[in-house]
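Report on the structure
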Amino acid sequence: MAKGKIWVVIAALAMVSPAMAGGDAEAGKGKSAACAACHSADGNSAAAAFPKIAGQHADYTLKQLKDFKSGDRENALMLGQVAALSEQDMADLAAYYASQKANIGKAKEATLAKGEGIFRGGIAETGAAACMGCHMVNGAGMPGAGFPQLRGQFADYTKAQLIAFRDGVRANDAGEVMRSITKRMTDAEITAVSEYIEGLN
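My aim in this report is to walk through the structure given alongside it, one point at a time. (Residues numbered from 1 in each chain as written. Predicted model: local features only at pLDDT ≥ 70, side-chain atom pairs only at ≥ 80, totals over all residues. Heavy atoms only, no water.)

**What to know about the packing of aromatic side chains**
In total, this model carries two aromatic pairs according to the counting rule given. Relative to Y196, the ring of F119 has its centre 5.6 Å away and its plane inclined at 55°; by these criteria the two rings are tilted. With a gap of 77 residues between them, F119 in helix α7 (residues 112-121) and Y196 in helix α11 (residues 187-198) connect regions that are remote in the sequence. In terms of burial, F119 and Y196 fall into one category: buried. (Phe/Tyr/Trp six-rings, centres within 6.5 Å; stacked < 30°, edge-to-face > 60°. Helix = DSSP H or I, 4+ residues; strand = E, 2+ residues; numbered from the N terminus. Buried < 20%, exposed > 50% of the residue type's maximum accessible area, 1.4 Å probe, protein only.)

As structure tokens, then:
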């Protein structure tokens, strides 16, 4: 996808009205016991293999849960977790985790400048768009357009997802935006921006 087309897709998504998840946070808290084993009780996972989901936009979390269940996003562990969940269960869980506060990590000094440059300005040589164009300068995301909160996320998890998009292992991004951008990034660039995002707030 050409750079100009990427921005057209981004602009179109940004104009979409947010689809309210319709979840009940209190009900979600009561349904979250199984999730806590990996994501901790408040959604701030203690292990980098499992993403922090505290503070994530409810609509985004709901979409991911539905994608896991449908197979649009492949993950054997999550497929087992969502198999018995109704859409209301998933909406309630999404609302609960959206109500929690995300813990912020710390960026690595060695890659800070490179990561910040990519996040804020993209990569001119390859035409990779700046992350902040969709995820905002503070990494808070754009819930109405379906762009998730990134700030504070484990660098290892973010890196794994960016590589999965680049390699076509993950393909549930609207308009192939993430796949198009990450194809223009090297492993070192993905690592640097992921490490910057972990300390972003």
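Moving on, there is more to tell.
**A short note on helix α6 (residues 87-98)**
Its 12 residues give α6 an end-to-end C-alpha distance of 16 Å, which sits within 8% of 16 Å, the value for a rise of 1.5 Å per residue. By the criterion of burial, α6 is predominantly enclosed, with nine of the 12 residues buried. The complete set of buried residues in α6 reads D89, M90, A91, D92, L93, A94, A95, Y96 and Y97. (Expected span 1.5 Å × (residues − 1).)

**Digging into unusual backbone geometry**
Even without being glycine, S40 reaches a positive phi, approximately 70°. Looking at where S40 falls in the secondary structure, it is placed in the loop between α3 (33-39) and α4 (58-70). The phi angle at M136 is positive, at roughly 70°, despite the residue not being glycine. Here M136 lies in the loop between α8 (132-135) and α9 (155-166).

**Description of the packing of α7 against α11**
Pairs of packed helices are described in terms of their axes, by the angle between the two and the distance that separates them. As a packed pair, α7 and α11 sit with axes 7 Å apart at the nearest point and diverge in direction by 90°. Between α7 and α11, the angle falls in the class roughly perpendicular. On the side of α7, the interface is formed by L112, K114, G115, E116, I118, F119 and R120, while α11 contributes A188, E189, A192, V193, Y196 and I197. Looking at side-chain class alone, the contact of α7 with α11 contains eight nonpolar, one polar and four charged residues. (Axes fitted to C-alpha atoms, helices over the stretch in contact; angles between N-to-C directions. Parallel < 35°, antiparallel > 145°, perpendicular 65-115°, else oblique. Contact = heavy atoms within 4.5 Å. Nonpolar A, V, L, I, M, F, W, Y, C, P; charged D, E, K, R; others polar.)

**Overview of empty space enclosed by the protein**
In total, this model carries one cavity of 30 Å³ or more according to the counting rule given. Considering only enclosed or pocket space, the largest cavity measures out at about 60 Å³ in volume. Every residue lining the largest cavity is listed: K52, A54, Q56, A102, Q149, L150, R151, G152 and Q153. Considered class by class, the residues forming the lining of the largest cavity number three nonpolar, four polar and two charged. (1 Å grid on protein atoms, 1.4 Å probe; cavity = no way out; pocket = protein on both sides within 12 Å on 5 of 7 lines; lining within 4 Å. Points joined across faces, edges and corners; volume = space filled by probe spheres on them.)

**Some words on the environment of K114**
Along the polypeptide, K114 turns up in helix α7. Spatially, the C-alpha atoms of K114 and A188 are 9.5 Å apart, while their sequence positions differ by 74 residues. Sequence-distant contacts of K114, that is, excluding residues within four places in its chain, are made with A188, E189 and A192.

Limitation: the analysis is restricted to geometry and does not speak to function.
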